[in-house]
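# Structural overview
Here are the chains, one letter per residue:
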Amino acid sequence: MPSHSEEDRLKSPLAKARGLGSGHHGAEHWLHQKITALANIPLVLWLVWSIVKLKAASYAQFTAWLAYPLNAILMILLIISVLYHARLGSQVIAEDYLSGWFRMSKLIGIRLFFFAIGVACIFSVLKIAFTAGM
Amino acid sequence: MSETIKKTQRPLSPHLQVYRLPLTALLSISHRACGVGLSVGTALVAAFLIAAAGGEGSYNMVMGLASSLLGQIILFLWSAALYFHMCNGIRHMFWDTGKFLEKDVAMRTNYIVIMFAFILTASTWACAYLTG
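Residues numbered from 1 in each chain as written. Chains lettered and ligands numbered in written order. Predicted model: local features only at pLDDT ≥ 70, side-chain atom pairs only at ≥ 80, totals over all residues.

### Examining the confidence of the model for chain A
Operational definition: Each residue carries a pLDDT score, the predictor's confidence in it, ranging from 0 to 100. The secondary structure listing takes helices from DSSP runs of H or I that are at least 4 residues long and strands from runs of E that are at least 2 residues long, numbered from the N terminus.
In this model, chain A carries a mean pLDDT of 89, and residues with pLDDT of at least 70 account for 88%. Mean pLDDT across the elements of chain A ranges from a minimum in helix α1 (residues 6-10) of chain A, with 68, to a maximum in helix α4 (residues 59-67) of chain A, with 96.

Structure representation (structure tokens):
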């Protein structure tokens, strides 16, 4: 445990526990959402710019572009950051609006959905990056 | 009996169906709606990448779909949702520091968020259609 401030030391155990919530991950969840949000800004702007640039790209042009290390790395970073951000956001929405077994199944479904999307995207990027031009 | 009276006499908060949402509230729920839309949209990104990994035939097919009218409409909505979510998300970061939370300031930043999202979307599509 981190060192307690003077105020913390004088608090009763109940006062300390108040506001922590049942999940105990509120601050961490918030921080991760903000970090991925910050990372998403340059990554998504890069993606939009790339889409505009590659709008009429042939298969050879597109795969050559994605095989370029910087592009493959940025694409994988984008996939991880965006999907993690989406997972955190969807989780909050499910927690706010749903209840009971439906909420639980949605929370599990959200995790599985974004994990599966991430694996599919990263595998596809790597496959193109390692086989382009072959 | 007292139960019924208590229930009927209880003051009601403005109900969502009859209460005209202020712009700040509209943008707040739009932020979530766009977030959900963009989350679902990640499946389309995955579909595109899987198709591209599948080879030239499937790549050409998804490029054809993307350049069709429906594809362009979806891409346009995607870009608008993305820019709005980004601009409003940046505003959320300012809010997290405790700034701009006053009602009138929030109302002014509503228009700034909408304006920036509009300018970014418009300039992206201008670039896409005006450049070769």
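### A short note on the nonpolar core
As a reminder of what qualifies: Only buried residues count toward a nonpolar core: Ala, Val, Leu, Ile, Met, Phe, Trp, Tyr and Cys, linked into one set through C-beta atoms within 7 Å. With C-beta atoms placed from the backbone, a residue is buried if 20 or more other C-beta atoms are within 10 Å of its own, exposed if 12 or fewer are, and partly exposed between those counts. By the convention adopted here, residues make contact when the C-beta atoms placed from their backbones lie within 7 Å.
Counting residues in hydrophobic clusters, the biggest one holds 30 residues, and the most contacted among them are Cys121(A) and Leu49(B). Of all the elements in the fold, those that place two or more residues in this core are α5 (69-97) and α6 (100-131) of chain A together with α2 (23-54), α3 (56-67), α4 (69-96) and α5 (103-130) of chain B. When residues of this core are assigned to their parent elements, the largest contribution, eight residues, is made by α2(B). For Cys121(A), the contacting residues outside a window of four places in its chain are Ile79(A), Val45(B), Ala46(B) and Leu49(B).

### Overview of the interface of chain B and chain A
The following threshold applies: All residues other than Ala, Val, Leu, Ile, Met, Phe, Trp, Tyr, Cys, Pro, Asp, Glu, Lys and Arg, Gly among them, are scored as polar; the first ten of these are nonpolar and the last four charged.
Listed as interface residues are 25 residues of chain B and, on the opposing side, 22 residues of chain A. Every element with two or more residues in the side of chain B that touches chain A is listed here: α2, α3, α4 and α5 of chain B. In terms of residue count, α2(B) provides more of the side of chain B that touches chain A than any other element does, 13 residues in total. Here the side of chain B that touches chain A is composed, by residue class, of 15 nonpolar, seven polar and three charged.

### Details of α6(A)
Just so we agree on the cut-off: Expected helix span is computed as 1.5 Å times (number of residues minus one).
Taking 1.5 Å per residue, 32 residues should reach 46 Å; α6(A) reaches 47 Å between its end C-alpha atoms and fits that length. Along α6(A), the residues that are buried comprise Phe114(A), Ile117(A), Gly118(A), Cys121(A), Ser124(A), Val125(A) and Ile128(A). Each element contacted by the buried residues of α6(A) is listed here: α4 and α5 of chain A together with α2 of chain B.

### Re the packing of α2(B) against α3(B)
Between two packed helices, what matters for the description is the angle formed by their axes and the separation of those axes. Residues and elements named next belong to chain B. Heads up, the rule is: A fitted line through C-alpha atoms represents every axis, and for helices the fit uses only the stretch in contact; the resulting angles, taken between N-to-C directions, go from 0 to 180 degrees.
With their axes 5 Å apart at the nearest point, α2 and α3 run at an angle of 145 degrees to one another. Counting all contacts with α2, which are made through Ala 47, Phe 48, Ala 51, Ala 52 and Gly 54, the residues of α3 involved are Ser 58, Tyr 59, Met 61 and Val 62. By residue class, the composition of the contact of α2 with α3 is seven nonpolar, two polar and no charged.

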